[in-house]
Amino acid sequence: MNRFHEMSVFLAVAESQSFAAAARRLAMSAPTVTRSIAALERRLGALLLVRTTRSLRLTEAGQRYAADCRRILEEVEQADDAAAGAMAMPRGALHITAPAFFGELHVMPVVLGYLRGHREVSVRTLLVDRVVNLLDEGVDVAVRIGALPDSTLTAVPVGHVRRVVCAAPAFLREHGAPEDPDALQRFCTITAAMEGRGAQWRFMQAGEPRRMNVESQLTVTSFQAAVLAACEGWGLTQVVSYQVARHLKSGALQVVLRDFELPPMPVHVVYPEGRRSSAKVRSFVEFCVDALRRDLAELPV
């Protein structure tokens, strides 16, 4: 087994955290994958993976080796692409990540539109509500909402979204609308408390950002569930504008407390700077940027 293939097998196991999943991904048998990793560790004289009956994790040496393998294999792929004329013709695997619900609503239509015109490209999407490390997880392009930390990533702005408080018109007719954030305690509210995030609502008040603990009668772990409850007239909820765009357009929900909203959050398409030469990345970024700018420009204000 040549070293590049050996690296590919190890990287598949490291990313999948499973010999069986890596074997399926590589169209190999699980015993072959296991023997390959064992041979690699013998050759290197280092333990790369710690195996138990229920889990698999990388050692410190394994983490460093996985990062090096990813970088080397990407450079080899780019060299092959350039030699084969991929500068002019996008082809190969493209890995994309985005926030879960935003990805379903806005990124997946972009992906499908792109694939219709690029039959030589295959796409794997990772739609999750966490910040994915593009280099560590082998992702080519990400869509991110919110301020970006300083990094080596190239970021292209595509628009903005807002954090809004809304309720069904029937609820507002019956109970009225809160005049300020402090008045929320007198209303039925729905809070979406995601894993790893607090149940706080966020506002701008007296020129300063403010986080409020709202004692909600209903707390859910999904923004979609919060929106559904609001549409059913249960109460007020705070979500991001793209999550309720169609309900605002149809009149099923109305926005309140506009004067207390935080500044709009930017949306960017980001990718590692070193991959600008890849035709698949460049063509997808251009396609995605154009599509998302149109979509976000049409969101209700």
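Predicted model, so just to flag it, every value in this text is computed and none were measured.

Here's the deal with the overall build of the protein
Alright, step 1. Across its full length, the protein holds nine helices and 14 strands.
Alright, step 2. Buried positions account for 45% of the 301 residues belonging to the protein.
Alright, step 3. Long-range pairs, those at least 24 residues apart, make up 73% of the contacts in the protein with a sequence separation of at least 6.
Alright, step 4. Only carbon and sulfur atoms are counted for the fraction: they give 52% of the accessible area of the protein, which is about 15,800 Å².

A few points about the sheet that holds strand 6 (residues 153-161)
Alright, step 1. Taken in spatial order, the five strands of this open sheet run 4-3-5-14-6, and their pairing is mixed. One side of each edge strand has no neighbouring strand; the edge strands of this open sheet are strand 4 (121-127) and strand 6. When the angles between neighbouring strand axes are averaged without regard to direction, this sheet yields 20 degrees.
Alright, step 2. Strands strand 3 (92-98), strand 4, strand 5 (141-145) and strand 14 (265-272) of the sheet are contacted by helix 5 (residues 100-117), whose axis makes an angle of about 175 degrees with strand 4.
Alright, step 3. Relative to the sheet, helix 9 (residues 279-297) contacts strand 3, strand 4, strand 5, strand 6 and strand 14, its axis offset from that of strand 6 by approximately 15 degrees.

A word on the pattern of salt bridges
Alright, step 1. Scanning the entire structure with this criterion turns up eight salt bridges.
Alright, step 2. Among the salt bridges present, the one from Arg51 reaches Glu41, with a minimum N-O distance of 3.1 Å. You can see Arg51 sitting in strand 1 (residues 49-51) and its partner Glu41 sitting in helix 3 (residues 30-44), a full ten residues away along the chain.
Alright, step 3. Residue classification places Arg51 among the partly exposed residues on the basis of a relative accessible area of 37%.
Alright, step 4. The partner of Arg210 in a salt bridge is Asp182, and the shortest N-O contact between them spans 2.8 Å. Here Asp182 lies in the loop between helix 6 (169-175) and strand 8 (189-192) and Arg210 lies in strand 10 (residues 208-213), a separation of 28 residues in the sequence.

Some thoughts on the packing of helix 1 (residues 3-16) against helix 2 (residues 19-26)
Alright, step 1. As a packed pair, helix 1 and helix 2 sit with axes 8 Å apart at the nearest point and diverge in direction by 125 degrees. Compared by their axis directions, helix 1 and helix 2 come out oblique. Seen from above, helix 1 lies across helix 2 with right-handed handedness. Seen from helix 1, the contacting residues are Ser8, Val9, Ala12, Val13, Glu15 and Ser16; seen from helix 2, they are Phe19, Ala21, Ala22, Arg25 and Leu26.
Alright, step 2. Of the residues that constitute the contact of helix 1 with helix 2, the class distribution is seven nonpolar, two polar and two charged.

Rules used throughout
- Residues numbered from 1 in each chain as written.
- Predicted model: local features only at pLDDT ≥ 70, side-chain atom pairs only at ≥ 80, totals over all residues.
- Heavy atoms only, no water.
- Helix = DSSP H or I, 4+ residues; strand = E, 2+ residues; numbered from the N terminus.
- Buried < 20%, exposed > 50% of the residue type's maximum accessible area, 1.4 Å probe, protein only.
- Contact = heavy atoms within 4.5 Å.
- Areas by Shrake-Rupley, 256 points an atom, 1.4 Å probe, with all protein chains shown as cover.
- Pairing = 2+ DSSP bridges.
- Axes fitted to C-alpha atoms, helices over the stretch in contact; angles between N-to-C directions.
- Salt bridge = Lys/Arg side-chain N within 4 Å of Asp/Glu carboxyl O.
- Parallel < 35°, antiparallel > 145°, perpendicular 65-115°, else oblique.
- Left-handed = near helix turned anticlockwise from the far one by under 90°.
- Nonpolar A, V, L, I, M, F, W, Y, C, P; charged D, E, K, R; others polar.

So yeah, pure geometry; function would need other evidence.
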